[in-house]
Amino acid sequence: MRVYVPLTLPGLAQAYKAGEIGPGPLTAYAVTPGLREWYVSDDIEELEYAALSRAAAASLRLIAGDPGAARRRIVVAFDVPDKAVSADPDAGLDPSSVGEVRITGPVALAKAAAVHADSSDAEADVSAAADALGAADHGDEDAQFTVDGAEDHELLWFGVQEIPALLG
């Protein structure tokens, strides 16, 4: 199963140093039955993009919780055995957790399929979105518009061997 693990740039640096993301359980996003129902598509590429987008939104929440983190969303994609992943069947009732899964243990960074990250061009919008997230959660439409602005930036694809350059 392809899973998307949301991180921050400092989280990626820590994982790179340790050689793994963990310890588990780890929150990730994947193509789950709930995501399929929510997105209403049978196209696996579209569904995986939706799961990646959910992980990017979770990365934004991590950034909002860490004022010292660089304002770039980070998502690491892994292919893991199905038995290493579990989903809460009741989570489908909560729109904010669509596609959310748990990975039972740590995952070796060398097993990553790719790293997805914002370009430096996105930093101002991601920073504004992180700052507006709380107000958006409380129904402020202008704040939600600001949060949605971060989603206008496509995450770039990086190979695992490119992590050192990404970390700068």
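Residues numbered from 1 in each chain as written. Predicted model: local features only at pLDDT ≥ 70, side-chain atom pairs only at ≥ 80, totals over all residues. Heavy atoms only, no water.

Remarks on the packing of helix H3 (residues 44–64) against helix H4 (residues 123–137)
Right, on to step 1. For the pair H3 and H4, the least separation of the axes is 9 Å and the interaxial angle reads 90 degrees. The orientation of H3 relative to H4 falls into the category roughly perpendicular. Of the residues in H4, those in contact with Leu60, Arg61, Ile63 and Ala64 of H3 are Val126, Ala129, Ala130, Leu133 and Asp137.
Right, on to step 2. For the contact of H3 with H4, a count of residues per class yields seven nonpolar, no polar and two charged. (Axes fitted to C-alpha atoms, helices over the stretch in contact; angles between N-to-C directions. Helix = DSSP H or I, 4+ residues; strand = E, 2+ residues; numbered from the N terminus. Parallel < 35°, antiparallel > 145°, perpendicular 65-115°, else oblique. Contact = heavy atoms within 4.5 Å. Nonpolar A, V, L, I, M, F, W, Y, C, P; charged D, E, K, R; others polar.)

Structural notes on the pairing of strand E8 (residues 112–117)
Right, on to step 1. Of all six residues making up E8, five are buried, and the element is well covered by its neighbours.
Right, on to step 2. In this structure, strand E4 (residues 74–79) lies alongside E8, joined through five bridges in antiparallel fashion. Bridge pairing in E8 places alanine 77 opposite alanine 114.
Right, on to step 3. Here E8 runs beside strand E9 (residues 156–158); their pairing, made up of three bridges, is antiparallel. Bridging from a neighbouring strand, valine 115 pairs with phenylalanine 158 of E9. (Buried < 20%, exposed > 50% of the residue type's maximum accessible area, 1.4 Å probe, protein only. Pairing = 2+ DSSP bridges.)

With respect to H3
Right, on to step 1. Between its first and last C-alpha atoms H3 spans 30 Å; for 21 residues at 1.5 Å apiece the expected length is 30 Å, and the two agree.
Right, on to step 2. All buried positions along H3 are accounted for by Leu47, Ala50, Ala51, Leu52, Arg54, Ala55, Ala56, Ala58, Ser59, Leu60 and Ile63.
Right, on to step 3. Capping the start of H3 is the job of one residue whose side-chain oxygen sits 2.9 Å from the backbone nitrogen of glutamate 45: aspartate 43. (Expected span 1.5 Å × (residues − 1). Polar contact = N/O pair within 3.5 Å; in protein donor to acceptor, adjacent residues only side chain to side chain.)

Description of the sheet that holds strand E3 (residues 26–30)
Right, on to step 1. Read across the open sheet, the seven strands follow the order E5-E6-E3-E1-E4-E8-E9; overall the sheet is antiparallel. Strands at the two margins of the open sheet, each flanked by one partner only, are strand E5 (85–86) and E9.
Right, on to step 2. Its contacts with the sheet put H3 on strand E1 (2–7), E3, E4 and E8, and the angle it makes with E1 is roughly 20 degrees.

Some words on the side chain of aspartate 118
Right, on to step 1. As for its position among the elements, aspartate 118 is in the loop between E8 and H4.
Right, on to step 2. Side-chain polar atoms of aspartate 118 contact the side chain of arginine 73, separated by 2.7 Å.
Right, on to step 3. Residues in contact with aspartate 118, not counting those within four places in the same chain, are Arg72, Arg73, Val126, His153 and Leu155.

Keep in mind that these numbers describe shape and distance, not what the molecule does.
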